[in-house]
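Given next are the chains, with one letter for each unit.
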Amino acid sequence: MKFNTKTIHGGQKIDPAFNSVMQPIYQTSTYAQESPGVNKGFEYSRTHNPTRTALQNSFASLENAKYGVAFSSGLAAIDAIIKLLKPGDEVISTNDLYGGTYRLFTKIFEKYGIKFHFTSLHNLTDIDSLLNEKTKVIWAETPTNPMINVFDIEKLAKISKANKLIFVVDNTFASPYLQNPLELGADIVMHSATKYLAGHSDVVMGALMLNNDEIAEKLYFIQNASGAVPGPQDCFLTLRGIKTLHVRMQRHCENASKVAHFLNNHSKVEKVYWPGLESHLNHEVAKKQMSDFGGMLSFRIKDYNKNQTIKFLEKLHLFTLAESLGGVESLCGHPASMTHASIPKEEREKSGVTDSLIRLSVGIEDADDLIDDLKNAFL
Ligand SMILES: *Cc1c(COP(=O)(O)O)cnc(C)c1O
């Protein structure tokens, strides 16, 4: 089955109760048993729910994985992976990490004795110098948020394999339409399905996809034992969103390309970060591992300070100033004071998140209207 068919049919069956074409929302916490332990495979909805099972099968299908695991948020999915570790274990991650992931690692898990290293994953010798017998996980995000850096998944997978580590890729920004990390050697793919997968800014959802039987068993155990499961209504919304993932992503990429080129040619713009531009540091890696360049971009306006940058954002009308990304509507953000406010100023400026940086989630409106909106904000 090709990707554009999988979004609609991948892992899906006609529901046996009434042959409904759409997956029903099984809004129930529990299931009648014929006698103790005799049931139809469902006992309690933290453990299993048919709507969630359908979603998990769709997740697996999108990343060509054997297993899909759904969580009540992207962060709950990340939380489950770190719960595979024990005190003393170490994780190597990027210094250009989603703010919430950084906060979870440093504010929650460090106090349980897990050590996190943040480094540039471009520099393989930096990774080498951090590797030791306690290292258990390499955690990559590509493209990253908000600097839209692209890391070479195959190269990181090789290091991870050689050292018997678990290699996790947060694939939220690319979506499975553009990039399938498991096929490039990753062990676990993580998604904030809140973003492109659900795609309509109406649900918070997390996903893990993987092939390893042993790790999958542990993750399903953690899903049930820790209990961060999504409700059936949210599973339904995500399933419904996924059906148009390929159509939306194609338009996101086309529009982002137009917006990126407009900004790149604008005299007031200092720099545009979008992997489709030849000037992008990792344009070649992006070409190798992604089928297109995505709907996310960041840029900096020449000599703007924080106030001027915020004024620019306030002048935009079609780009709504909001957290999040990946919905049909265009959003803009100021990472330094929004998504990355929890990262110390010194730390975030090292990775490029300065006060003049603007992030755009380019939606699927008409590209001409989006460009006009930006033009007006420059005046
Ligand atoms: C939003 C996001 C997350 C967190 O996901 P939630 O669904 O908000 O919990 C993790 N990683 C990336 C790259 C994100 O954009």
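### Considerations on the pairing of strand β1 (residues 67-71)
Extensive coverage of β1 is indicated by the burial of five of its five residues. Side chains Tyr67, Val69 and Phe71 of β1 all project onto a buried face; the interleaved residues Gly68 and Ala70 project onto the opposite face, where all are buried too. In the sheet, β1 pairs with strand β7 (residues 206-210) via five bridges, with the strands oriented antiparallel. The residue of β7 that forms the bridge with Gly68 is Met209.

### Comments concerning the environment of Thr5
Residue position: Thr5 is located in helix α1 (residues 3-9). A relative accessible area of 35% means that Thr5 is categorised as partly exposed. Note: C-alpha distance between Thr5 and Ile127 (122 residues apart in sequence) is 39 Å.

### Notes on the nonpolar core
Among the nonpolar cores identified, the biggest contains 62 residues, and Phe59, Leu263, Phe299 and Leu360 are the most heavily contacted of them. Top element by residues in this core is helix α10 (residues 245-264). It accounts for eight residues. Residue contributions to this core reach at least three from each of two domains, namely domain 1 (3-242) and domain 2 (246-378). Ignoring sequence-local partners within four residues, the contact set of Phe299 consists of Leu263, Val269, Lys271, Val272, Tyr273, Phe312, Ser356, Leu357, Ile358, Leu360 and Phe378. Listed in part, the 31 residues of the second largest apolar core include Ile82, Phe105, Ile188 and Leu219.

### Examining the sheet that holds strand β8 (residues 269-273)
If you trace the five strands from one edge of the open sheet to the other, you get β8-β9-β12-β11-β10, paired in mixed fashion. Both outer strands of the open sheet, β8 and β10 (320-321), are each paired with one neighbouring strand and no more. Here α10 sits on the sheet in contact with β8, β9 (296-301) and β12 (357-361), set at roughly 15° to β9. Each of β9, β10, β11 (331-333) and β12 touches helix α12 (residues 306-315); the most contacted strand, β12, lies at about 25° to it.

### Regarding the site of the ligand
Of all residues adjacent to the ligand, which total 13 residues, the nearest are Gly74, Asp170, Ser192, Thr194 and Lys195. Between the ligand and Ser192 there is a distance of 2.8 Å, counted from an oxygen atom to a side-chain nitrogen or oxygen. Note that an oxygen atom of the ligand is positioned 2.8 Å from one of the side-chain N or O atoms of Lys195. When isolated, the ligand has an accessible area of 380 Å², and the protein chains bury 93% of it.

### Some words on the sheet that holds strand β5 (residues 166-170)
The seven strands lie next to each other as β1-β7-β6-β5-β4-β2-β3, forming an open sheet whose pairing is mixed. Here the strands that pair on one side only, and so sit at the sheet edges, are β1 and β3 (115-119). Pairs of neighbouring strands in the sheet enclose a mean axial angle of 20°, with direction left out of account. In this sheet, strand β6 (residues 188-192) lies alongside β5 in parallel orientation, the contact comprising three bridges. Following the sheet pairing, Val168 is matched in β6 by Ile188.

### So, the pattern of salt bridges
Enumeration over the complete set of coordinates arrives at 13 salt bridges. Here Glu154 ties to Lys288 by a salt bridge, and the two come within 3.7 Å at their closest N and O atoms. Residue Glu154 is located in helix α6 (residues 153-162), and its partner Lys288 is located in helix α11 (residues 283-289); the two are separated by 134 residues in the primary sequence. The partly exposed category is assigned to Glu154, whose relative accessible area is 38%. A salt bridge links Glu270 to Arg300; the nearest nitrogen and oxygen atoms lie 4.0 Å apart. With a gap of 30 residues between them, Glu270 in strand β8 and Arg300 in strand β9 connect regions that are remote in the sequence. According to the relative accessible area criterion, Glu270 is partly exposed, its value standing at 46%. A network of salt bridges, in which partner residues are shared, links Lys345, Arg348, Glu349 and Asp355.

### Considering the domain arrangement of the protein
Interface extent is often summarised as the accessible area lost during association of the parts. Domain parsing of the protein yields domain 1 (3-242) and domain 2 (246-378). Once you take the C-alpha centre of each, domain 1 and domain 2 turn out to be 26 Å apart. Between domain 1 and domain 2, the contact holds 41 residues from the first and 43 residues from the second. On the domain 1 side of the interface with domain 2, the three residues burying the most area are Met147, Leu178 and Tyr196, jointly 23% of the side's total. Inspection of the domain 1/domain 2 interface yields two salt bridges. Linking Lys288 and Asp152 is a salt bridge whose minimum nitrogen-to-oxygen distance equals 2.8 Å. Our count for the contact surface shared by domain 1 and domain 2 stands at 15 residue pairs in polar contact (both at pLDDT 80 or more). Of all the secondary-structure elements, those providing two or more residues to the side of domain 1 that touches domain 2 are α1, α4 (99-109), α6, α7 (175-178) and α9 (232-242). Of the residues assigned to the side of domain 1 that touches domain 2, the class counts are 21 nonpolar, 15 polar and five charged.

What counts, and at which threshold
- Within any chain, residue numbers begin from 1 and follow the written order of that chain's sequence.
- Local features in this predicted model are restricted to residues whose pLDDT is 70 or higher, and side-chain atom pairs enter the listing and the counts only when it is 80 or higher, whereas totals over whole chains, interfaces and linings include all residues.
- As a rule here, side-chain values cover all heavy atoms of the structure and leave hydrogens and water aside.
- Relative accessible area decides the class of each residue, using a 1.4 Å probe on protein chains only: under 20% of the type maximum gives buried, over 50% gives exposed, and in between gives partly exposed.
- Secondary structure elements follow DSSP: runs of H or I no shorter than four residues count as helices, runs of E no shorter than two count as strands, and numbering proceeds from the N terminus.
- A pair of strands is labelled paired if DSSP reports no fewer than 2 bridges between them.
- By convention a nonpolar core is built from buried Ala, Val, Leu, Ile, Met, Phe, Trp, Tyr and Cys residues, the set being connected through side-chain atoms within 4.5 Å.
- The domain boundaries here were taken from an automatic or database domain assignment.
- Only heavy atoms enter the contact rule, under which two residues are in contact if any of them lie within 4.5 Å.
- In this analysis an axis means a line fitted to C-alpha atoms, helices contributing only their contacting stretch, and an angle means the value between N-to-C directions, from 0 to 180 degrees.
- The rule for a residue being near a molecule or strand is that one of its heavy atoms must lie within 4 Å of it.
- Nitrogen and oxygen atoms within 3.5 Å of one another constitute a polar contact, given that in protein one can donate a hydrogen and the other can accept it, and given that sequence-neighbouring residues count only through two side-chain atoms.
- For the area figures, the Shrake-Rupley method with a 1.4 Å probe applies, and any residue is considered shielded solely by the protein chains shown.
- Just to be clear on terms, a salt bridge is a Lys or Arg side-chain nitrogen sitting within 4 Å of an Asp or Glu carboxyl oxygen.
- Buried area: the accessible area, evaluated with a 1.4 Å probe, that two parts lose upon being put together, summed over both parts.
- Residue type decides the class: Asp, Glu, Lys and Arg count as charged, Ala, Val, Leu, Ile, Met, Phe, Trp, Tyr, Cys and Pro as nonpolar, and the leftover types, Gly among them, as polar.

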